[in-house]
Each structure stands twice: as C-alpha cells, then as structure tokens.
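# Secondary and tertiary structure notes
Listed below, chain by chain, are the residues.
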Amino acid sequence: MIKRKLGHTDLIVTPICLGGNVFGWTADERGSFAVLDAYIDGGGNFIDTADVYSGGESESILGRWMSTRKNRDRVIVATKVGSRMGSDPHAQGLSRRYILEEVEASLKRLQTDYIDLYQSHRDDPSTPLDETMATFDELVRQGKVRYVGASNYSAARLREALQVSEQHGYVRYECLQPPYNLVNRTEYERELEPLCLEQGLGVITYSSLASGFLTGKYRQGKALPSSPRAKRIQERYMNEKGFRVLEELDRIAAARHVTVSQVALAWIMARPGITAAIASATSVEQVRELLGAVDVQLNAEEMGALDRVSASPL
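As a starting point, this report considers the structure included with it. Bear in mind the structure is a predicted one, so any value in this text is a computation, not a measurement. Residues take numbers from 1 onward in each chain, read along the sequence in its written order. Restriction of local features to residues with pLDDT of at least 70 applies here, the model being predicted, together with a cutoff of 80 or more for giving and counting side-chain atom pairs; totals for whole chains, interfaces and linings are based on all residues. Only hydrogens and water are set aside when side-chain values are computed; all heavy atoms of the structure are taken into account.

### Section: the nonpolar core
Side chains that are nonpolar tend, in soluble globular proteins, to be buried together. In these notes, a set of buried Ala, Val, Leu, Ile, Met, Phe, Trp, Tyr and Cys residues joined through side-chain atoms within 4.5 Å is what counts as a nonpolar core. Here's how the labels work: a residue is buried when its accessible area is under 20% of the maximum for its type, exposed when over 50%, partly exposed in between, all with a 1.4 Å probe on protein chains only. Grouped together as the largest cluster of nonpolar side chains are 103 residues, with contacts concentrated most on Phe46, Tyr118, Leu158, Tyr173, Phe213, Leu214 and Leu249. By the criteria applied, helices consist of DSSP H or I runs no shorter than four residues and strands consist of E runs no shorter than two, each listed in order from the N terminus. It is helix α9 (residues 260-269) that contributes the most residues to this core, eight residues altogether. Contacts: residue pairs with any heavy atoms within 4.5 Å of one another. Residues within four places of Tyr173 in sequence aside, it is in contact with Ser120, Thr132, Met133, Phe136, Val148, Gly149, Ala150, Tyr153, Leu158, Ala161, Leu162 and Leu201.

Here you go:
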C-alpha cells in the first residue's frame, strides 16, 4: 500500500488511519483483534486512539493486541491526552502535572515504552502554552514520545503554539487532527488548511465519514440505523445539502463500481495537505472496504463535482 510522510516527521504512514474509538465500545476485544489483524494484513500501519476512549479500554485492547501479536515495530501508534477522564474534574487538561501522569498511564495500557505520536486532544486555555510545549519537549527528550500533534485547535491557538515552540526551542506540533469531511468543510478549510500548508504540518482527519452519514446508511424516507449516534447524525447532516452530497457520491460510486464510503474517503485523501483520513471499523468486511478506498483515484471532473456540491450553502 502507498504510504505518506507525516509532516516534517520521519513517520511514514498509510493514508487510511484506523480509528480506535470503537475498541471497547461498539467492538469487544475479540472483534477489535479481528479488525486490527485485518487492517495490518491489508497493508495498514497507522492506528489512532486516545486515553479517554472507552475509559482507557481502547488503549488497553490495542496494547494487548500488540503484545499478543508481537508487532509493535510494525505499528505507528497515535494517542491523545487532555480530554476529561471519567468523573474527576481534575483529570483533564494540558498541565505539566497531568501530561506526565497521563503519559505513564497510556504507556502502561499500550504495553509499550514509547508513543509514536502524542496529541493534545483539545486546547487547554487555562494552561500556558509554554508549559504544555515544554512538557512535550521533555517527553521527546526522554524517548517516551517521538512526535507531538494537536487536535481540535483553532488556527490562532495552533499558530501561537508553533511560535512558542520556535521561541523556546521546544519540539513543535507536527500535525493537526481536525474534523473534516464532505459535509463539514468550512471549519478546517477557512483558516486551518492555509496554516497547515504554510507550516508543513501533517493533517489527519477525523469524522472522515461524518460519523457514518457518508456511508450511505442514512437516506430520506428510510428508518434510521440502530446506532447510538443516529439521532445526532439526523439532526446535523440529514438536510438538503447532505442529501445532495450523497446523490453525487452515489453517482460516482456507481460509475466506478465502488462504495459511497470509498469515494468519500478518496476525496479527502486527494485534498491538498491531507496525510491520512481516520476511519473506524467494527468488522473485517468494513476494514477491507476502508482500505479499498486507497485504490480509488478520483479524476478532476469527479473532484470538481464533489467540491461544488459540498461547498454549496445549506
């Protein structure tokens, strides 16, 4: 499978990143192992998780899988810190104390000595950026973390963080993980995309299939899927624009004899500056479908049609 360099790092990753948010949630351990095996067997090497996913169980499942398969050196592990863990209001943020405490917990759950990509899950305005970046710098110097990235940052705060790193000689955020898909473009493209291109940051998109809406499971006049996310997806995406996007995806998918999901992911992977699209799977069949998107190379007419229909106002 083709691979891409993540920003200015030496991490060479597959353009479909397997989302670990379902491990321990909608996929039990046995099902998660099957998904992980299929992903690696299919040529994937990039797995994204977070300390908060399933209260730490996602990291634990990934750690047990790597330990059982003895394949840590074949996997690029990305995890995150900063979101609230459980009911403790103090178990969150990007303070030095909390990062140092939580990185040890993640390393233990993952059963590894190092994390390839350690990401701030969300901005923490209550902690000075120089404290956060100095702490990340310490972890990289200790060898516990190879590179750091940011998720859910505004362009202004991301630029400020990059400036702090440059001023003090700290490691910098080498990538961004934003929500980005065919029905949610503006938030990323308006300010974050130009900044990432300017700074040479890698970009790993999450919600790449709009929480499942862009799989084609949600249709006008049909019953909602039995998913805990269905109601929220209905409210956010089941509107005139969303259905126009699905209609165009249907047209391209039918002409190419591929799936709607594969076309939606192919569009993201072809966008400027995108390194990888995160997508989750709960079955081996879904993994194969996701990996198949890498082989879908959209032409200029198809990209233009999707750009136009997804950029149109609601």
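From this point on, the discussion continues.
### Quick notes on helix α1 (residues 29-41)
One less than the number of residues in a helix, times 1.5 Å, gives the span that helix is expected to have. A rise of 1.5 Å per residue sets the reference length of α1, with its 13 residues, at 18 Å; its end C-alpha atoms lie 18 Å apart and thus fit the reference within 8%. The set of residues buried in α1 consists of Ser32, Phe33, Val35, Leu36, Ala38, Tyr39 and Ile40. Against β3 (16-19), β4 (46-48), α2 (57-69) and α10 (284-292) lie the buried residues of α1.

### A few points about the state of the cysteines
Disulfides are defined as pairs of cysteine sulfur atoms found within 2.5 Å of each other. In total, this model carries zero disulfides according to the counting rule given. With no disulfide of its own, Cys175 lies 9.0 Å from the sulfur of Cys196, the closest cysteine sulfur. A relative accessible area of 0% means that Cys175 is categorised as buried. Overall, Cys196 belongs to the buried group, its relative accessible area being 2%.

### Quick word on the side chain of Ser211
Checked against the element boundaries, Ser211 lands in the loop between β9 (202-205) and α7 (230-237). If we skip the residues at most four places from it in the chain, Ser211 touches Arg229, Arg232 and Ile233.

### Thoughts on helix α3 (residues 96-110)
Taking 1.5 Å of rise per residue, the 15 residues of α3 would be expected to cover 21 Å, and the 21 Å separating its terminal C-alpha atoms lies within 8% of that figure. Listed as buried for α3 are Tyr98, Ile99, Glu102, Val103, Ser106, Leu107, Arg109 and Leu110. Viewed end-on, α3 has its buried residues packed into an arc of 160 degrees, placing them on one side of the element. With its phi angle positive at about 55 degrees, Gln111 sits one or two positions after the end of α3. Note that the arc is computed from the directions linking the helix axis to the C-beta atoms.

### Section: the pairing of β9
Of the two faces of β9, the one lined by Gly202 and Ile204 and the one lined by Val203 and Thr205 are each fully buried. In this sheet, β9 lies alongside strand β8 (residues 173-177) in parallel orientation, the contact comprising two bridges. Bridged to Cys175 within β9 is Gly202. When the strands point away from the viewer and the path from the first strand over the helix to the second turns clockwise, the crossover is right-handed. Once you follow β8 into helix α6 (residues 186-199) and on to β9, the crossover reads as right-handed. For two strands to be treated as a pair, DSSP must find no fewer than two bridges joining them.

### Describing the pattern of salt bridges
The working definition used for a salt bridge is a side-chain nitrogen of Lys or Arg within 4 Å of a carboxyl oxygen of Asp or Glu. On inspection of all chains with the given rule, the structure shows 26 salt bridges. A salt bridge links Asp48 to Lys80; the shortest N-O distance between them is 2.7 Å. Here the residue Asp48 occupies a position in strand β4, and Lys80 occupies one in strand β5 (residues 76-81), the gap between them amounting to 32 residues. Residue Asp48 shares its accessibility class with Lys80, and that shared class is buried. The partner of Glu104 in a salt bridge is Lys144, and the shortest N-O contact between them spans 2.5 Å.

### What about unusual backbone geometry?
Positive phi outside glycine occurs at Lys70, with the angle close to 50 degrees. Within the secondary structure, Lys70 is located in the loop between α2 and β5. On the basis of relative accessibility, which here comes to 70%, the residue Lys70 falls in the exposed class. Located in the positive-phi region is Ser207, a residue other than glycine, with phi close to 55 degrees. When you line up the elements, Ser207 lands in the loop between β9 and α7.

### Topic: the pairing of strand β6 (residues 115-120)
The two faces of a sheet get side chains in turn, since along a regular strand they alternate between them. Burial runs high along β6: six of the six residues are buried. When β5 meets β6, the two strands line up parallel, connected through four bridges. Each bridged residue has a counterpart across the sheet, and for Lys80 the counterpart in β6 is Gln119. Taken together, β5, α3 and β6 form a β-α-β motif whose crossover is right-handed. As defined by bridge partners, β6 adjoins strand β7 (residues 145-151) across five bridges and the pair is classed as parallel. Of the residues in β7, the one forming a bridge with Ser120 is Ala150. Read as a crossover between parallel neighbours, the route from β6 over helix α4 (residues 129-142) to β7 is right-handed.

### Structural notes on the packing of aromatic side chains
Pairing of aromatic rings covers Phe, Tyr and Trp, the last counted by its six-membered ring, and requires centre-to-centre distances within 6.5 Å; plane angles under 30 degrees mean stacked, over 60 mean edge-to-face, and any other angle means tilted. For the coordinates displayed, the defined rule picks out eight aromatic pairs. A connected cluster of aromatic rings, assembled from ring pairs, spans Tyr118, Phe136, Tyr153 and Tyr173. Two limits define a charge over a ring: the Lys NZ or Arg CZ must be within 6 Å of the ring centre, and within 35 degrees of the ring normal. When the ring centre of Tyr114 is taken as reference, the NZ or CZ atom of Arg72 above it lies at 4.1 Å.

### Concerning the sheet that holds β5
Spatial strand order, β3-β4-β5-β6-β7-β8-β9-β10: eight strands in a closed barrel with parallel pairing. For this sheet the average axis-to-axis angle between neighbouring strands, irrespective of direction, equals 30 degrees. Axis definition: a line fitted to C-alpha atoms, limited for helices to the stretch in contact. Angles are taken between N-to-C directions and run from 0 to 180 degrees. Sheet strands in contact with α1 are β3 and β4, and its direction is about 170 degrees off that of β3.

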